[in-house]
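# Reading the structure
Here are the chains, one letter per residue:
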Amino acid sequence: MTAGVLTRHPVLEAAGQMRRVLGEVADVESLFMATADKEAALRELTRVEAQVAELRLRVLASADDVAAVHGARDAGAWIAHATHTDPQTARADWRLAKALEHRPVVAAGMRDGKVSAAQARVITLGLDELPTDLGPETVAGAELTLVGYCAEFGPQDLRRLARRILDVVAPEIADAEEGKKLQDEERRARETATLSLKDLGDGRTRLSGVLPTTVANRLRTYLDAYTSPRQPAPGDGSGDRRGSGSSTGEFLPRHRANAHAFEALLDLIDPDRLPEHGGDATTVIVTLSHEQLLTDLATAITLTGGGTEAISASEARRLACQAAIIPQVLGGRSEVLDQGRAQRLFTKAQRKALKARDRRCRAEGCTIPAAWTEAHHLQPWSHGGPTDLTNGVCLCSHHHHRAHDPTYTMQVLPNGDYRFTKRS
């Protein structure tokens, strides 16, 4: 170095040269590149991107002094503020930078342009989840093997391979360690599970939460049963011909069909199997006047664990067919004329007999099997109809809604099926 001449650090010099070179092609139109040149450029630029990312992370890992100078919590927090980067992304980069200090094979793969930042993130996380009592040779073998996989597999596949890497580098302990990992995951899933309901004030409630995957898979299986037989919607195949409980029978997107199926699932819960609540069986009380009970266009009030809510009289009558609903019928001065009891519901034996007799939903043209149907009172229980086999019929959730919809008529056919017709 010549006396009096200051030279920049090689990293700064490299960054400057990259900016200059990129500036030279800033106005070059890639549209007119040959196809082979575009292919080669995309491959090369991806490798360059990995190399630049590794260099940036290498500097970031050593930048604790920068954070100290500026009073930042760490280098990730500082760079998020200094470069207007999303803080969550910057923190993730800082954690990866620190991890690469202890994963020399992964870092070398990035420097060679063979391992992307996304792949490196997956590998480092996978290695961190290995049992802490593994020998250093085993861990090093796992790192080398996963880096080798990067030439063929993307981050998603690498995540699965990292989870089972002990099958390759330590098969003698792989099954036992996988069992421990699954137990820990299931325990954490149960401990952190959440489910919340928020009334939106317009007749809808938002249901949100995080469930253990085993519970979610059971729910998905049940919902699939209620939306079967599944028939692809026209076009993209992302929907069902109709969801169970659909009010129109049109093609529905999968998420809407699931919502209707969830309603049908709740309708078929056996109230006898529910735990006691407040010293009594779990029930929903519906309060309405005697006149409302006999009128199609009226409202009722439900009393549940969530408070009171207005529903239509037809919906109250539909619920009375299936759920643990107690209809509380009031006279002109609101005195209780009748306090219904759960005995009005079809018994288990009666429901089995109905399903054995009807074999399917008895709506005309419906093929939903009896196992997925609900028991419906032909003469409404609220109008004095008895709870016996001669007054019962199997209807799927969709047609059960139709039976209680005052805008439809229900006509029995000679073969015992029921035809639903929209009132004119």
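For clarity, every value in this text was computed on a predicted model and none was experimentally measured.

## Some remarks on unusual backbone geometry
- Positive phi, normally seen in glycine, also occurs at His84, with a value near 55 degrees.
- With respect to the helices and strands, the residue His84 is situated in the loop between α4 (75–82) and α5 (87–100).
- One non-glycine residue, Arg359, lies in positive phi territory at about 70 degrees.
- In this fold, Arg359 is placed in the loop between α16 (348–358) and β12 (374–377).

## Focus: a nonpolar patch on the surface
- On the surface, a nonpolar cluster with roughly 700 Å² of combined accessible area is contributed by Leu195, Leu197, Leu207, Leu211, Val215, Phe262, Leu266 and Ile269.
- Listed by contribution, the elements that provide at least two residues to the nonpolar patch are β1 (194–199) and α13 (254–267).
- Checked against the element boundaries, Leu266 lands in helix α13.

## Overview of the side chain of Glu54
- Along the chain, the position of Glu54 falls in helix α2 (residues 35–61).
- Sequence-distant contacts of Glu54, defined by excluding residues within four places in its chain, comprise Ala107, Met110 and Arg111.

## A look at the side chain of Glu374
- Along the polypeptide, Glu374 turns up in strand β12.
- A distance of 2.5 Å separates the side chain of Glu374 from the side chain of His400, its partner in a polar contact.

## Some remarks on the confidence of the model for the protein chain
- Confidence along the protein chain averages 80 in pLDDT terms, with 74% of residues attaining 70 or more.
- Ranking the elements of the protein chain by mean pLDDT puts strand β11 (residues 336–339) last, at 40, and helix α6 (residues 104–111) first, at 97.
- Predicted confidence for residues 229–249 stays below pLDDT 50, and this span has 63 contacts to residues more than four positions away or in other chains.
- Long-range and interchain partners of residues 301–308, a stretch whose pLDDT sits below 50, account for 17 contacts in this model, where long-range means more than four residues apart.

## Description of the layout of surface pockets
- The volume enclosed by the second largest pocket comes to roughly 520 Å³.
- Around the second largest pocket sit 18 residues that line it, and Val11, Leu12, Leu55, Arg56 and Val59 are the ones nearest its centre.
- Elements that contribute at least two residues to the lining of the second largest pocket include exactly α1 (10–24), α2, α3 (64–69) and α4.
- Taken together, the residues of the lining of the second largest pocket sort by class into 13 nonpolar, two polar and three charged.

## Some thoughts on the packing of α2 against α5
- Packing of α2 against α5 brings their axes to within 8 Å, and their N-to-C directions diverge by 85 degrees. If you check the angle between α2 and α5, you find them roughly perpendicular. For the pair α2 and α5, contact is made by Arg56, Leu57, Leu60 and Ala61 and by Asp93, Trp94, Leu96, Ala97, Lys98 and Leu100, respectively.

## Looking at the pattern of salt bridges
- One pass over the structure, following the stated rule, counts 23 salt bridges.
- Of the charged contacts, one joins Arg91 and Asp74 as a salt bridge, the two residues approaching to 1.8 Å between their closest N and O atoms. Pair noted here: Arg91 is in helix α5 and Asp74 is in the loop between α3 and α4, with a separation of 17 residues, a long-range link.
- Take Arg91: its relative accessible area is 24%, and that puts it in the partly exposed class.
- Salt-bridge contacts for Asp167 lead to Arg164; the nearest nitrogen and oxygen are separated by 2.8 Å.
- The partly exposed category is assigned to Asp167, whose relative accessible area is 32%.
- Put simply, Arg357, Asp358, Arg360, Arg362 and Asp417 are held in one network by salt bridges that share partners.

## Some words on the environment of Cys366
- Within the secondary structure, Cys366 is located in the loop between α16 and β12.
- Taking the C-alpha atoms as reference, Cys366 lies 9.9 Å from Tyr418; in sequence the two are 52 residues apart.

## Section: the environment of Pro87
- Its location among the elements puts Pro87 in helix α5.
- Pro87 sits ten residues away from Ala77 along the chain, and the two C-alpha atoms are 6.6 Å apart.

## Considerations on the pairing of strand β15 (residues 418–422)
- Relative to β15, strand β14 (residues 408–412) runs antiparallel, the two being bridged by five bridges. The residue bridging Val412 from the neighbouring strand is Tyr418, located in β15.
- In this structure, the hairpin formed by β14 and β15 is closed by a connection of five residues, where Gly416 is found at a positive phi of approximately 95 degrees.

## Brief notes about the packing of aromatic side chains
- For the coordinates displayed, the defined rule picks out one aromatic pair.
- Ring geometry for Tyr149 against Phe153: centres 5.9 Å apart, planes inclined by 90 degrees, an arrangement best described as edge-to-face.
- You can call Phe153 partly exposed: its relative accessible area is 27%.

Calculation notes
Once a new chain begins, its residue numbering starts again from 1 and follows that chain's sequence as written. Reporting of local features is limited, given that this is a predicted model, to residues whose pLDDT is at least 70; pairs of side-chain atoms are given and counted only at 80 or more, and all residues count toward the totals for whole chains, interfaces and linings. Where side-chain values are given, they derive from all heavy atoms of the structure, hydrogens and water being excluded. Every helix listed is a DSSP run of H or I at least four residues long, and every strand listed is a run of E at least two residues long, numbered separately from the N terminus. Candidate patch residues must exceed 30% relative accessible area and have no salt bridge, after which like charges are joined if within 9 Å and Val, Leu, Ile, Met, Phe, Trp or Tyr side chains if within 5 Å. Computed by Shrake-Rupley with a 1.4 Å probe, the accessible areas treat only the displayed protein chains as cover when residues are assessed. Each salt bridge in this description consists of a side-chain nitrogen of Lys or Arg and a carboxyl oxygen of Asp or Glu lying within 4 Å of one another. Contact definition: two residues touch when any of their heavy atoms are within 4.5 Å. Any pair of N or O atoms that falls within 3.5 Å is considered a polar contact. Within protein, one atom must be able to donate a hydrogen and the other to accept it, and sequence-neighbouring residues count only if both atoms are side-chain atoms. You can read pLDDT as the predictor saying how much it trusts each residue, on a scale of 0 to 100. Definitions used throughout: a 1 Å grid over protein atoms alone; a cavity as a set of points that fits a 1.4 Å probe which cannot get out; a pocket as an open set with protein on both sides within 12 Å along at least five of seven lines; a lining residue as one with an atom within 4 Å of a point. Grid points are joined across faces, edges and corners, and a volume is the space filled by probe spheres set on the points. Ten residues, namely Ala, Val, Leu, Ile, Met, Phe, Trp, Tyr, Cys and Pro, are considered nonpolar, four, namely Asp, Glu, Lys and Arg, are considered charged, and the remaining ones, Gly among them, are considered polar. Between N-to-C directions, angles span 0 to 180 degrees; the directions come from axes that are lines fitted to C-alpha atoms, helices contributing only their stretch in contact. Should an angle lie under 35 degrees it is considered roughly parallel, over 145 roughly antiparallel, and from 65 to 115 roughly perpendicular; all remaining angles are considered oblique. Exposed residues in this analysis have more than 50% of their type's maximum accessible area, buried residues have under 20%, and partly exposed residues fall in between, with area computed by a 1.4 Å probe over protein chains only. The pairing criterion for strands is at least two bridges between them, as found by DSSP. Ring pairs are drawn from Phe, Tyr and Trp, using the six-membered ring of Trp, whenever the two centres fall within 6.5 Å, and their geometry is named by plane angle: stacked under 30 degrees, edge-to-face over 60, tilted for the rest.

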